[in-house]
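Topology and contacts: notes
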Amino acid sequence: TWNAANFNWNLAGTAGSDVAWVSSSDAVFAGSDGTYAITVGSALTVNNITFSNSGYTLSAASAFTLSGNNAANNLVTVATGATATIGNNVAFTSGFNGAIMSLIGTAAAGGTAGTLIIDNGGKVSATTGGSIIYIGSNSNTVGTLKATTVQVNTGGTISSNASVVANGLLKVAGGT
């Protein structure tokens, strides 16, 4: 369970330094590929989310929001060839004026891009002022195109108050 009380986080990947979640930190989900059900247990503030391996699904029993850190542009990064899911009752939102949220996938030359799935009940949004969602590129890195796939399944939502810019593949399979 991901909340502010459980000691499930390592400081900069240091083994044995399990601590509680620190608000506005980067969340990195790393390990070996597998099936990992992460239950979001409270509303949290997070800077960036990185899925280093396949098989992570973030979901919640009731609606909780992972709010982007107001001091930064927020990135959701899925590693080369990996797949991650924003699932039921979880919303990741960057909700401040002029927000930029980039959904990027790392891809080595000839490699397979990462895939972010927004599943039934999941939501990714940038909803205040001129907020923009970029798919497939990090707008802060001029001239760099990072390939990615974002798949919005039935019941999933991706939205922006200004625009959604797709430099990668946006697949809408019944979602919004």
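The rules behind each value
Residues numbered from 1 in each chain as written. Predicted model: local features only at pLDDT ≥ 70, side-chain atom pairs only at ≥ 80, totals over all residues. Heavy atoms only, no water. Helix = DSSP H or I, 4+ residues; strand = E, 2+ residues; numbered from the N terminus. Buried < 20%, exposed > 50% of the residue type's maximum accessible area, 1.4 Å probe, protein only. Contact = heavy atoms within 4.5 Å. Areas by Shrake-Rupley, 256 points an atom, 1.4 Å probe, with all protein chains shown as cover. Core = buried A, V, L, I, M, F, W, Y, C linked by side-chain atoms within 4.5 Å. Patch = residues over 30% accessible without salt bridge, like charges linked within 9 Å, V, L, I, M, F, W, Y side chains within 5 Å. Salt bridge = Lys/Arg side-chain N within 4 Å of Asp/Glu carboxyl O. Phe/Tyr/Trp six-rings, centres within 6.5 Å; stacked < 30°, edge-to-face > 60°. pLDDT = per-residue confidence, 0-100. Polar contact = N/O pair within 3.5 Å; in protein donor to acceptor, adjacent residues only side chain to side chain.

**Considerations on the overall build of the chain**
Regarding its fold elements, the chain presents zero helices and 16 strands. Per-residue burial for the chain yields a buried fraction of 44% across its 176 residues. Summarising the internal contacts of the chain: among those between residues at least 6 apart in sequence, 64% fall at separations of at least 24. If you sum the accessible surface of the chain, you get close to 7,700 Å²; carbon and sulfur atoms cover 51% of it.

**Topic: the nonpolar core**
Residues Trp2, Phe29, Phe51, Leu58, Leu66 and Leu103 are the most contacted members of the largest nonpolar core, which totals 34 residues. Residue contributions to this core peak at four residues, all from strand S3 (residues 44–51). Sequence-distant contacts of Phe51, defined by excluding residues within four places in its chain, comprise Phe29, Tyr56, Leu58, Val76, Thr77, Val78, Ala79 and Ala84.

**Description of a nonpolar patch on the surface**
Among the surface-exposed residues, Val164, Leu170 and Val172 lie close enough to one another that they form a single nonpolar patch of about 210 Å² accessible area. Relative to the helices and strands, Leu170 resides in strand S16 (residues 169–173). Judged by relative accessible area, Leu170 falls into the partly exposed class, the value being 32%.

**Some remarks on the packing of aromatic side chains**
Evaluation of the coordinates by the stated rule reveals nine aromatic pairs. Measuring from ring centre to ring centre gives 5.7 Å for Trp9 and Phe29, while their planes differ by 65°; the resulting arrangement is edge-to-face. In this pair, Trp9 sits in the segment before strand S1 (25–29) while Phe29 sits in strand S1, placing the two residues 20 residues apart along the sequence. Phe29 shares its class with Trp9; the two are buried.

**What to know about the environment of Thr1**
Within the element layout of this structure, Thr1 appears in the segment before S1. Residues Thr1 and Ser59, spaced 58 residues apart in sequence, show a C-alpha to C-alpha distance of 9.8 Å. If we skip the residues at most four places from it in the chain, Thr1 touches Asn6, Asn8, Thr39 and Gly41.

**Structural notes on the confidence of the model for the chain**
On average, residues of the chain score 82 in pLDDT, and 82% of them reach the 70 mark or higher. Mean pLDDT in the chain bottoms out at strand S9 (residues 100–105), which sits at 74, and peaks at strand S2 (residues 36–39), which reaches 95. Across residues 141–145 the pLDDT falls below 50, and counting only partners more than four positions away or on other chains, this stretch makes four contacts in the model.

**As for the side chain of Asn53**
Within the secondary structure layout, Asn53 lies in the loop between S3 and strand S4 (56–59). Judged by its relative accessible area of 16%, Asn53 is buried. A distance of 2.8 Å separates the side chain of Asn53 from the backbone oxygen of Gly31, its partner in a polar contact. There is a polar contact of 3.4 Å between the side chain of Asn53 and the side chain of Asp33. The contact partners of Asn53, leaving out residues within four places of it in the chain, are Phe29, Ala30, Gly31, Ser32, Asp33, Ala82 and Thr83.

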